[in-house]
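Residue-level structural notes
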Amino acid sequence: MLLHPWDVATLEESLDVLRRLGFGQLIAPGLGRDLPVVVPTQYLVSAGDPLRVLLHLARPNPVWRALTENSRCMLAVAGDWAYIPSDWKAVGDEDPLLGIPTTYYASVQLEGDAEVIDDPVRLSEVLRHQLADVQPDTQVSDPEVAHARQLSGIRALAISVTSARGKLKYGGNVDLEHRLAVAERLAHRGGPGDQSARTHLLRRGGSSQEGLPASS
């Protein structure tokens with residue numbers, strides 16, 4: 001992942017993106033493979049230190065063999081994206097035909113060491129943590145008690161994070177006037193990622209006291 005100085009996310013920003021998105025790609029290179037195993041998965045970033053990522057997958061998943069070969073893995077997420085048309089990049093007397101389009105997005109990549117969890121007690125604990133995260137207001141049966149038989153069909157994974165890289169590409173390389181123009185357009189377009197992209201733009205480009213427009 002290319003990281004320009006103006007795009008680099010802090011650890012706190014990276015964790016915020018990870019926790020909000022909650023779904024990414026688990027990448028296990030294994031050993032001697034032409035390509036890594038890539039698995040779409042929901043996950044939980046656990047609280048506390050050291051930083052860990054928890055998830056579970058079906059036992060037949062090919063990722064387990066890759067992790068047996070090599071416990072190093074990566075979790076990659078991308079989201080909060082919005083396409084910025086070329087004419088949005090032109091302000092004042094600038095020719096909109098000469099504007100340069102771009103895409104705003106957030107991306108985080110975690111590297112770590114994977115621990116495979118088969119013990120039913122620990123596996124159930126991972127499931128309880130995940131359930132509490134995704135549906136905190138809904139009471140559910142304890143998986144260790146209610147779904148003991150089904151537990152044999154899944155395995156859990158705990159990734160001890162050793163490095164984290166976050167990229168927030170939201171106009172950090174342009175001046176305030178151009179950021180203002182894009183923020184205003186995002187406020188009114190209403191695309192699926194526009195408001196989250198605009199939030200990043202406002203927060204990283206400066207506060208509203210600097211002249212950035214308030215959200216409509």
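Above this note sits the structure.
Structure report, in brief. Please read all numbers here as calculations on a predicted model, not as lab measurements.

Okay, helix α5 (residues 176-189) next. Taking 1.5 Å per residue, 14 residues should reach 20 Å; α5 reaches 20 Å between its end C-alpha atoms and fits that length. Residues His178, Arg179, Val182, Ala183, Leu186 and Ala187 constitute the buried set of α5. At the exit of α5 stands Gly190, carrying a positive phi of roughly 80°.

Turning next to the sheet that holds strand β7 (residues 154-169). Reading across the sheet, the seven strands line up as β2-β1-β5-β6-β7-β4-β3 and stay open at both edges, with antiparallel pairing between neighbours. The open sheet has two free edges, formed respectively by β2 (37-42) and β3 (44-45), since each of these has just one partner strand. Pairing of strand β5 (residues 72-84) with strand β6 (residues 102-117) involves 11 bridges; the strand directions are antiparallel. Looking at β6, one finds that Ala76 is bridged to Gln109. In this fold helix α1 (residues 11-21) packs onto β1 (23-28), β3, β5, β6 and β7, with an angle of close to 85° to the strand it touches most, β5. α5 rests against β5 and β6 of the sheet, and its axis sits at about 90° to β5.

If you trace the backbone, Val77 turns up in strand β5. For Val77, a relative accessible area of 2% translates into the label buried. Distance from Val77 to Gly22, taken between C-alpha atoms, is 8.5 Å for residues 55 residues apart in sequence.

Applying the stated rule across the entire model yields 11 salt bridges. One salt bridge connects Arg203 with Glu13, and the closest N-O pair in it is separated by 2.8 Å. A residue pair is termed long-range when its members are at least 10 positions apart, and Arg203 in helix α6 (residues 194-205) and Glu13 in helix α1 qualify at 190 residues. With a shortest N-O distance of 3.4 Å, Arg72 and Glu111 are connected by a salt bridge. Of this pair, Arg72 sits in strand β5 while Glu111 is found in strand β6, placing the two residues 39 residues apart along the sequence. Look at Arg72 and you get partly exposed, because its relative accessible area is 31%.

Attention now goes to the environment of Asp93. Structurally, Asp93 is set in the loop between β5 and β6. You can call Asp93 exposed: its relative accessible area is 85%. Along the sequence, Asp93 and Ala82 sit 11 residues apart, while their C-alpha atoms lie 25 Å from each other.

Okay, unusual backbone geometry next. Of note in the backbone geometry, Asp80 takes a positive phi value of approximately 50° without being a glycine. With respect to the helices and strands, Asp80 occurs in strand β5.

Here we take up the packing of aromatic side chains. Applying the stated criterion to the full structure yields one aromatic pair. Both rings, one in Tyr104 and one in Tyr170, keep their centres 5.6 Å apart while their planes meet at 65°; by these two values the pair is edge-to-face. Taken together, the residues span a long stretch of sequence, with Tyr104 in strand β6 and Tyr170 in the loop between β7 and α5 at a distance of 66 residues. This pair shows no difference in class: Tyr104 is buried, exactly as Tyr170 is. In this arrangement the basic side chain of Arg155 is found over the ring face of Trp64, its NZ or CZ atom lying 5.1 Å from the centre.

Let us now look at the pairing of strand β4 (residues 52-58). Of the pairings in the sheet, the one linking β3 to β4 comprises two bridges and is antiparallel in character. Bridge assignment links Leu44 to a residue of β4, and that residue is Leu54. Judged from the seven bridges that link them, β4 and β7 form a sheet pairing that is antiparallel. Bridging across to β7, Val53 finds its partner in Ile159.

Let us look at the nonpolar core. Leu26, Val53, Val63 and Leu186 are the most contacted members of the largest nonpolar core, which totals 40 residues. Residues within four places of Val53 in sequence aside, it is in contact with Tyr43, Leu44, Val45, Leu75, Leu110, Leu157, Ala158, Ile159 and Val161.

The rules behind the values
- Residues numbered from 1 in each chain as written.
- Predicted model: local features only at pLDDT ≥ 70, side-chain atom pairs only at ≥ 80, totals over all residues.
- Heavy atoms only, no water.
- Helix = DSSP H or I, 4+ residues; strand = E, 2+ residues; numbered from the N terminus.
- Expected span 1.5 Å × (residues − 1).
- Buried < 20%, exposed > 50% of the residue type's maximum accessible area, 1.4 Å probe, protein only.
- Pairing = 2+ DSSP bridges.
- Contact = heavy atoms within 4.5 Å.
- Axes fitted to C-alpha atoms, helices over the stretch in contact; angles between N-to-C directions.
- Salt bridge = Lys/Arg side-chain N within 4 Å of Asp/Glu carboxyl O.
- Phe/Tyr/Trp six-rings, centres within 6.5 Å; stacked < 30°, edge-to-face > 60°.
- Lys NZ or Arg CZ within 6 Å of the ring centre and 35° of its normal.
- Core = buried A, V, L, I, M, F, W, Y, C linked by side-chain atoms within 4.5 Å.

Taken by themselves, the reported measurements are silent on function.
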